[in-house]
Amino acid sequence: QVQLVESGGGLVQAGGSLRLSCEASERTVRTYVMAWFRQAPGKEREFVALINWTGGTTDYGDSVKGRFTISRDNAKITVYLQMNSLKPEDTAVYYCAAGSNINYSPRLYPFWGQGTQVTVSS
């Protein structure tokens, strides 16, 4: 019943920036934690970032730490992923996920968006 809608994907040059959005249909204990994952062709789905609705706790994957920032807008029930200093290796489908606890494995998130393509050209 929880629905997540992603937007903001597209094509950007290396070194550029892009901001992704994920709007949730509900804010409950089941969506206490919002996270971003990504998956490139032929690779495993990779943890990118997470945030909780209360307290502002955040965490990032090692490959994006220092370049990406996750934030929230409580009024809109929306989370954002600000991506700076983008590299070609950041090219992937980016997925928004929601769950009741802080986790780093995609297997532990019950709710997912459809994904949005991010392509970084060299």
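Right above here is the structure, for reference.
What this report covers is the structure whose coordinates are included nearby. Remember, it's a predicted structure, so these values are computed and weren't measured experimentally.

**A short note on the overall build of the chain**
Line of reasoning, step 1. Of regular secondary structure, the chain possesses 0 helices and 11 strands.
Line of reasoning, step 2. For 122 residues, the compact-globule formula gives about 14 Å, and the C-alpha radius of gyration of the chain, at 13 Å, lands near that figure.
Line of reasoning, step 3. With the principal axes as the frame, the chain shows a C-alpha extent of 40 × 30 × 25 Å.
Line of reasoning, step 4. A total of 122 residues make up the chain; the buried ones form 43% of that total.
Line of reasoning, step 5. A separation of at least 24 residues holds for 56% of the contacts in the chain among residues at least 6 apart in sequence.
Line of reasoning, step 6. Carbon and sulfur atoms make up 47% of the accessible area of the chain, which totals about 6,300 Å².

**What about the packing of aromatic side chains?**
Line of reasoning, step 1. Scanning the model with the defined rule gives 6 aromatic pairs in all.
Line of reasoning, step 2. Relative to Tyr104, the ring of Phe47 has its centre 5.0 Å away and its plane inclined at 85°; by these criteria the two rings are edge-to-face. You can see Phe47 sitting in strand β5 (residues 46-52) and its partner Tyr104 sitting in the loop between β9 (92-99) and β10 (111-112), a full 57 residues away along the chain.
Line of reasoning, step 3. With a centroid separation of 6.5 Å and 75° between ring planes, the pair formed by Tyr109 and Trp112 is classed as edge-to-face.
Line of reasoning, step 4. Overall, Trp112 belongs to the partly exposed group, its relative accessible area being 25%.
Line of reasoning, step 5. In this structure an aromatic cluster arises from ring pairing among Phe37, Phe47, Tyr95, Tyr104, Tyr109 and Trp112.
Line of reasoning, step 6. A cation over a ring is seen here: Arg45 above Tyr95, with NZ or CZ 3.9 Å from the ring centre.
Line of reasoning, step 7. Taking NZ or CZ as reference, Arg45 lies 5.0 Å from the ring centre of Trp112, over its face.

Cut-offs used in this document
Here the residue index of a chain counts from 1 through its sequence in written order. At least 70 in pLDDT is required for a residue's local features to be given in this predicted model, at least 80 for side-chain atom pairs to be given and counted, and no such filter applies to totals for whole chains, interfaces and linings, which use all residues. The basis for every side-chain value is the complete set of non-hydrogen atoms in the structure, without hydrogens or water. The numbering of helices and of strands both runs from the N terminus, where a helix is a DSSP run of H or I of at least 4 residues and a strand a run of E of at least 2. C-alpha atoms define the radius of gyration, and 2.2 Å times the number of residues to the power 0.38 defines the globule rule. To sort residues, take the accessible area from a 1.4 Å probe on protein chains only and compare it with the maximum for the residue type: under 20% means buried, over 50% means exposed, and anything in between is partly exposed. The contact criterion used throughout is that any non-hydrogen atoms of two residues lie within 4.5 Å. Note on areas: Shrake-Rupley with a 1.4 Å probe; residue coverage comes only from the protein chains shown. Any two of the Phe, Tyr and Trp rings considered here, Trp counted by its six-membered ring, make a pair once their centres fall within 6.5 Å; the pair's planes then place it as stacked at under 30 degrees, edge-to-face at over 60, or tilted in between. Note on geometry: a ring has a charge over it if NZ (lysine) or CZ (arginine) is within 6 Å of the ring centre and within 35 degrees of the ring normal.

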